[in-house]
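Descriptive structure summary
If you want the building blocks of each chain, they are given just below.
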Amino acid sequence: MAKQRYVRFWNKRSIVSLIGIDYPILEKSEHDNLAKFYLAGFLVLIILAISFCSVFYAFDLMFDMWHAEVLLSSFFSLMFFTIYIFLIQTFSKEVFPTKYRLKFFNLSNLTRLGFVLLIGFLLAQPIKIFYSRDLLDRDLQTYKTQLYDNFCKVNANLYANELNKLKDDKGRYLRMPKSQTLDDEIVKIDYATAEIGNRINLANTSAMSSISSSNFFIKRIELASKYPNTTFLVFLVLLLFLMPIFLIYSISGTSKYYELKKQNDKKLVLTEYSNFKIAYTLLFQRKYNLSGIHFYEPFIDPPFNTIRKPLPEYLSQEDFFNNLIEK
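1. Regarding the side chain of Ser132
As for its position among the elements, Ser132 is in the loop between helix H5 (107-131) and helix H6 (133-158). Using a relative accessible area of 4% as the deciding quantity, one classes Ser132 as buried. Once residues within four sequence positions are removed from consideration, Ser132 is found in contact with Ala224 and Thr230.

Okay, here's the thing in structure tokens:
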């Protein structure tokens, strides 16, 4: 019985920890908003799985080595996932003392939100390619044919002037009276013409091989964008990336869990700050034999430092002389 209880506890703890929830505080709050935290945690796990599959498919199109694909996919998917987790854990729920008292739409949160959307958009590209892969194979074959035809035209134009010159020279030699010297020149022209033809054919063959073997990853993204279903798919992926953020942020900052968390964080800060001041005083006493040295605090509410101490009152010259006379 105890073992089963520990397993259930560990599962709960691991799921909510993915989104930065302090499970001991959550227990003290009597599992306040537990359903939203669970749903956000499961969505984050789904995002991790989608990230790995998306990156793996992208590298599968680029490389042909399964071990490299697995290693690179693991690295990049975990990197994106770690950045995503860091971003959703640092969204501020504090109300700053501004004129309009904006909670979510402040510069800090909007910057993080933009980065989350960027990660979601990048990971959505391989997904939309995979979704429309059958249509893309047809479009890509048409594109490859056009690309090869254009290359052949450009390749032929590179040697057009040289071939025309050789053709004109041969025609001029043929109109002249026959001689051994002219026959030798005509043979040389034929050889040069054949060599250029071989060079053109070799370049065309090499281009055909390169075009046929290339997966055109970026071109696939461009071609897939013309299908409305892929746009809707990208929107769904972005919505998935935003859902954990909105679920967490929909919980009020004054809820029981966040109130306990703020109290716990404040207590921790005050304790550490008090220990720092004690260590500061002991340092001067031990190293310089100076007692009664305290850390100067220019604020009324250290260490949060939101209210500065009032400036000292300046006395007039008359008050100065009166003080001297009295003394």
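2. Considering the packing of H5 against helix H9 (residues 217-224)
In the contact formed by H5 and H9, the axes pass within 9 Å of each other and the chain directions differ by 75°. Considering their axes alone, H5 and H9 lie roughly perpendicular with respect to each other. Of H9, the residues touching H5 (which contributes Gln125, Pro126, Lys128 and Ile129) are Phe217, Arg220, Ile221 and Ala224. Split into classes, the residues belonging to the contact of H5 with H9 amount to five nonpolar, one polar and two charged.

3. Details of the nonpolar core
If you look at the biggest cluster of nonpolar residues, it comprises 37 residues, and the most contacted ones within it are Ile19, Leu26, Phe37, Tyr84 and Phe241. In this structure, Ile19 is in contact with Phe37, Ala40, Gly41, Val44, Ile88, Gln89 and Ile248, ignoring residues within four places of it in sequence. Counting residues in each nonpolar core, the second largest holds 13 residues, with Tyr57, Leu61, Phe217 and Ile221 among its members.

4. A few points about the pattern of salt bridges
This structure, assessed with the given rule, holds eleven salt bridges. Salt-bridge contacts for Arg172 lead to Asp169; the nearest nitrogen and oxygen are separated by 3.1 Å. With a gap of three residues between them, Arg172 and Asp169 both fall in helix H7 (residues 160-175), about one helical turn apart. Residue Arg172 is classed as partly exposed on the basis of its relative accessible area of 36%. Among the salt bridges present, the one from Glu222 reaches Lys219, with a minimum N-O distance of 3.3 Å. Separated by three residues within a single helix, Glu222 and Lys219 lie in helix H9, roughly one turn from each other. We classify Glu222 as partly exposed; its relative accessible area is 49%. Through salt bridges with shared partners, a single ionic network connects Arg138, Asp139 and Lys226.

5. Comments concerning the packing of aromatic side chains
Applying the stated rule across the entire model yields 15 aromatic pairs. Through a chain of ring-to-ring contacts, the aromatic side chains of Tyr273, Phe276, Tyr280, Phe284, Tyr288 and Phe295 assemble into a single cluster. Against the face of Phe130 rests Arg133, its NZ or CZ located 4.0 Å from the ring centre.

6. Concerning the layout of surface pockets
As a volume, the second largest pocket reaches approximately 210 Å³. Together, 13 residues line the second largest pocket, and Val55, Ala58, Phe80, Leu122 and Pro126 are the ones closest to its centre. Counting residues per element, the ones that place at least two in the lining of the second largest pocket are helix H3 (34-62), helix H4 (66-89), H5 and H9. The element that contributes the greatest number of residues to the lining of the second largest pocket is H3, accounting for five residues.

7. A few points about unusual backbone geometry
Glycine aside, residues mostly have negative phi angles, and peptide bonds mostly take the trans form. Along the chain, Pro302 connects to Pro303 via a cis peptide bond; the corresponding omega equals 0°. The backbone phi angle of Phe216 is positive, close to 50°, even though this residue is not glycine. Of note, Asn305 is a non-glycine position whose phi angle comes to about 55°, a positive value. By the element assignment, Asn305 lies in the loop between helix H11 (256-287) and helix H12 (317-326). Since its relative accessible area comes to 36%, Asn305 is described here as partly exposed.

8. Some points on the packing of H4 against H5
Two measures define how a pair of helices packs: the angle their axes make with one another and the distance between the axes. The N-to-C vectors of H4 and H5 enclose an angle of 155°; their axes lie 10 Å apart at closest approach. By the angle between their axes, H4 is roughly antiparallel relative to H5. For the pair H4 and H5, the sense of crossing is left-handed. Across the interface between the two elements, Phe80, Ile83, Tyr84 and Leu87 of H4 pack against Arg112, Phe115, Val116, Ile119 and Leu123 of H5.

9. Here's the deal with the environment of Asp149
Positionally, Asp149 belongs in helix H6. With a relative accessible area of 37%, Asp149 lands in the partly exposed category. For the pair formed by Asp149 and Asn204, sequence separation is 55 residues and the distance between their alpha carbons is 9.4 Å.

Conventions used here
- Residues numbered from 1 in each chain as written.
- Predicted model: local features only at pLDDT ≥ 70, side-chain atom pairs only at ≥ 80, totals over all residues.
- Heavy atoms only, no water.
- Helix = DSSP H or I, 4+ residues; strand = E, 2+ residues; numbered from the N terminus.
- Buried < 20%, exposed > 50% of the residue type's maximum accessible area, 1.4 Å probe, protein only.
- Contact = heavy atoms within 4.5 Å.
- Axes fitted to C-alpha atoms, helices over the stretch in contact; angles between N-to-C directions.
- Parallel < 35°, antiparallel > 145°, perpendicular 65-115°, else oblique.
- Nonpolar A, V, L, I, M, F, W, Y, C, P; charged D, E, K, R; others polar.
- Core = buried A, V, L, I, M, F, W, Y, C linked by side-chain atoms within 4.5 Å.
- Salt bridge = Lys/Arg side-chain N within 4 Å of Asp/Glu carboxyl O.
- Phe/Tyr/Trp six-rings, centres within 6.5 Å; stacked < 30°, edge-to-face > 60°.
- Lys NZ or Arg CZ within 6 Å of the ring centre and 35° of its normal.
- 1 Å grid on protein atoms, 1.4 Å probe; cavity = no way out; pocket = protein on both sides within 12 Å on 5 of 7 lines; lining within 4 Å.
- Points joined across faces, edges and corners; volume = space filled by probe spheres on them.
- Left-handed = near helix turned anticlockwise from the far one by under 90°.

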